[in-house]
Amino acid sequence: MLHVVELALPMRRPFVTATGTLPERRTLLIGVEAENVTGWAEAAPYQGQGPGSIDRVWSIATSGEMDEVMALPAVTNAIADRTACSVGEPLWRRLGGRRRALQAGLAIGATPNTLDEVEGAVRAGYRTVKLKIQPGHDVEMVRWVRERFPALEVGVDANGSYRSETDAALDAIDRLGVAYIEQPY
């Protein structure tokens, strides 16, 4: 049996990316149940990002057509979780993982308050941030963060907002020592 549950989680403040502003985070939990054991996974495309919307994933997951980029992997992951649960083993162990501490990072939206948010994240103990960037809201902001917090691991995510004519900005960002440039084009 397939279970599909939608969650709409309000943001404390709207999350701004190069492709839009998100006032809430919609996500789907996909459950696969057999023999009274249910495995769960998440299908969580961001609104306006990538090939799958929550509404499209919902439609596909509830129709049984598993051909969507986000729906099929979520169902596959739920089946793997269900299989692990049926033998009383955590999925991470079943997949060969090991338990270890992970450093949490914080994604920070592209707003006029970005620099204040980075300072707040550092005060809260974050050692890793991912900055949402877009042309015109990029090089100087990243430079300021790198100069102010040289030990902070900084990644950037452009959500596909750059074109070949903005390569100079991406080169400048790369020279500032960011950990990665995610989805520039």
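Residues numbered from 1 in each chain as written. Predicted model: local features only at pLDDT ≥ 70, side-chain atom pairs only at ≥ 80, totals over all residues. Heavy atoms only, no water.

Undergrad: What is the right way to look at the sheet that holds strand 6 (residues 153–157) in this model?
TA: Within a sheet, each strand pairs with its neighbour through backbone hydrogen bonds, oriented either parallel or antiparallel. The four strands are arranged 4-5-6-7 in an open sheet whose pairing can be described as parallel. Where the open sheet ends on each side, the last strands, each with one partner, are strand 4 (106–108) and strand 7 (181–182). Bridging between strand 6 and strand 7 involves two bridges; their strand directions are parallel. Residue pairing across strands places Asp157 opposite Glu182, the latter belonging to strand 7. Of the strands in this sheet, strand 4 and strand 5 (128–132) are in contact with helix 4 (residues 114–123), which crosses strand 4 at around 165 degrees. (Pairing = 2+ DSSP bridges. Helix = DSSP H or I, 4+ residues; strand = E, 2+ residues; numbered from the N terminus. Contact = heavy atoms within 4.5 Å. Axes fitted to C-alpha atoms, helices over the stretch in contact; angles between N-to-C directions.)

Undergrad: Explain the packing of aromatic side chains to me, please; I cannot follow it from the model alone.
TA: Both the distance between ring centres and the angle between the ring planes are used here to describe each pair of aromatic rings. In the structure shown here, the tally under the stated rule is one aromatic pair. Ring geometry for Trp144 versus Phe149: centroids 6.3 Å apart, planes at 75 degrees, classification edge-to-face. Trp144 sits in the partly exposed class, given a relative accessible area of 28%. Overall, the relative accessible area of 13% leaves Phe149 in the buried class. (Phe/Tyr/Trp six-rings, centres within 6.5 Å; stacked < 30°, edge-to-face > 60°. Buried < 20%, exposed > 50% of the residue type's maximum accessible area, 1.4 Å probe, protein only.)

Undergrad: It is not clear to me how the pattern of salt bridges should be interpreted in this structure. Could you clarify?
TA: For side chains bearing opposite charge, pairing can occur when the charged atoms are close. For the structure on display, the rule yields eight salt bridges. Its salt-bridge partner being Glu35, residue Arg82 comes within 3.9 Å of it at the nearest N-O pair. Of this pair, Arg82 sits in helix 2 (residues 71–86) while Glu35 is found in the loop between strand 2 (20–34) and strand 3 (37–43), placing the two residues 47 residues apart along the sequence. Given the relative accessible area of 70%, Glu35 is considered exposed. Across the pair Arg94 and Glu89 runs a salt bridge, and its minimum N-O distance is 3.3 Å. (Salt bridge = Lys/Arg side-chain N within 4 Å of Asp/Glu carboxyl O.)

Undergrad: I would appreciate a short explanation of helix 5 (residues 139–148) in the present structure.
TA: Three or four residues apart is the spacing at which side chains of an α-helix point the same way, because the helix has 3.6 residues per turn. All of the buried residues in helix 5 are Val139, Met141, Val142, Val145 and Arg146. The arc enclosing the buried residues of helix 5, seen along the axis, measures out at 165 degrees, which places them on a common side. Exposed and oriented more than 90 degrees from the buried face of helix 5 are Glu140 and Glu147. Here the buried face of helix 5 lies against helix 4, strand 5, strand 6 and helix 6 (167–175). (Arc of directions from axis to C-beta.)

Undergrad: Where do I start with the packing of helix 4 against helix 5 in this structure?
TA: Packing of helix 4 against helix 5 brings their axes to within 10 Å, and their N-to-C directions diverge by 25 degrees. When the axis of helix 4 is compared with that of helix 5, the two are roughly parallel. Here helix 4 and helix 5 pass one another in a crossing that is right-handed. When helix 4 is examined against helix 5, the residues Thr114, Leu115, Val118 and Glu119 are found in contact with a partner set consisting of Met141, Trp144, Val145 and Arg148. Of the residues that constitute the contact of helix 4 with helix 5, the class distribution is five nonpolar, one polar and two charged. (Parallel < 35°, antiparallel > 145°, perpendicular 65-115°, else oblique. Left-handed = near helix turned anticlockwise from the far one by under 90°. Nonpolar A, V, L, I, M, F, W, Y, C, P; charged D, E, K, R; others polar.)

Undergrad: Can you help me understand the environment of Ile54 in this one?
TA: Secondary-structure assignment places Ile54 in helix 1 (residues 54–63). Given a relative accessible area of 3%, Ile54 falls into the buried group. Along the primary structure Ile54 and Glu6 are separated by 48 residues, whereas in three dimensions their C-alpha atoms are 8.6 Å apart.

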